[in-house]
Amino acid sequence: MPAPTADDLVATRHALHAVAEHVLAAALHRWDGHIGLRVTPGGFGTPEVEVAGVARRARVEGTELVVEVAGRAERAPLTTLAAAAALVGVAPGAPGGLYDIATPCDPDARLAIDPDAAAVLARWFALVDAALTGLVEEVAQDDPPVAQLWPEHFDLALTMDEVNYGGSPGDADHPTPYLYVGPWTVPAGTLWNEPWGVSWPMSAVPDVGVALARLREGRSAV
């Protein structure tokens, strides 16, 4: 598989972020009042929820949108927010009044999703999800937190003991994906390379084992 360019990663991230906000979070909020998404096979989506006695889930898999209702799946290429929202059965547009919406809602604009970039981001989310699961299993005893993909930031994260742990597909300050630990109060020390904590680029996190070691390192330095 060819490596996507940084520009392809950024464009694909922006497009998928818009889908997360204006389609998936919109659907989940309508179904059960929540907005926290999850890592799903080949990408991300809503958790499975029951609506009027029927199990539903909507998710992105690669460059496709998959809508599962009562165990049956319908899928279509991701082309526009309008088409994606129609398949899910909602109007496009992020839930209002919950947070500052991060992406524009242009229902008929073509979604610029590169297949190779989408695959890279899906693998990154899966890697981070596995590392966060491992960290929680080591640390949390009662009421363990669940890693959620928050639509406003489009990062996968959880919080334990006033420390945020997560992985981002990139943002305005980081064009490519990174792993991070963000204490609510950043202590003194040489580890911290961000005003809010520490980040490691995807290139320095080749697998789940390394990711888990980085998260442990951040936890031990707090």
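That block above? That's the structure.
The text that follows walks through the structure, step by step, so that each part is easy to find.

Conventions we followed
- Residues numbered from 1 in each chain as written.
- Predicted model: local features only at pLDDT ≥ 70, side-chain atom pairs only at ≥ 80, totals over all residues.
- Heavy atoms only, no water.
- Helix = DSSP H or I, 4+ residues; strand = E, 2+ residues; numbered from the N terminus.
- Expected span 1.5 Å × (residues − 1).
- Buried < 20%, exposed > 50% of the residue type's maximum accessible area, 1.4 Å probe, protein only.
- Arc of directions from axis to C-beta.
- Polar contact = N/O pair within 3.5 Å; in protein donor to acceptor, adjacent residues only side chain to side chain.

## Digging into helix α4 (residues 208–221)
Move 1: The end-to-end C-alpha distance of α4, which contains 14 residues, comes to 20 Å, matching closely the 20 Å that a straight helix rising 1.5 Å per residue would cover.
Move 2: For α4, the full list of buried residues reads Ala211, Leu212, Leu215 and Gly218. All buried residues of α4 lie within an arc of 120° about the axis, which places them on one face of the element.
Move 3: Two or three places before Gly209, at the opening of α4, Asp207 has a side-chain oxygen 3.2 Å from that residue's backbone nitrogen.

## Overview of unusual backbone geometry
Move 1: Non-glycine residue Ala52 carries a positive phi angle of around 55°.
Move 2: As for its placement among the helices and strands, Ala52 is situated in the loop between β3 (49–51) and β4 (54–61).
Move 3: Overall, the relative accessible area of 81% leaves Ala52 in the exposed class.
Move 4: Backbone geometry places Glu162, a non-glycine residue, at a positive phi of 60°.

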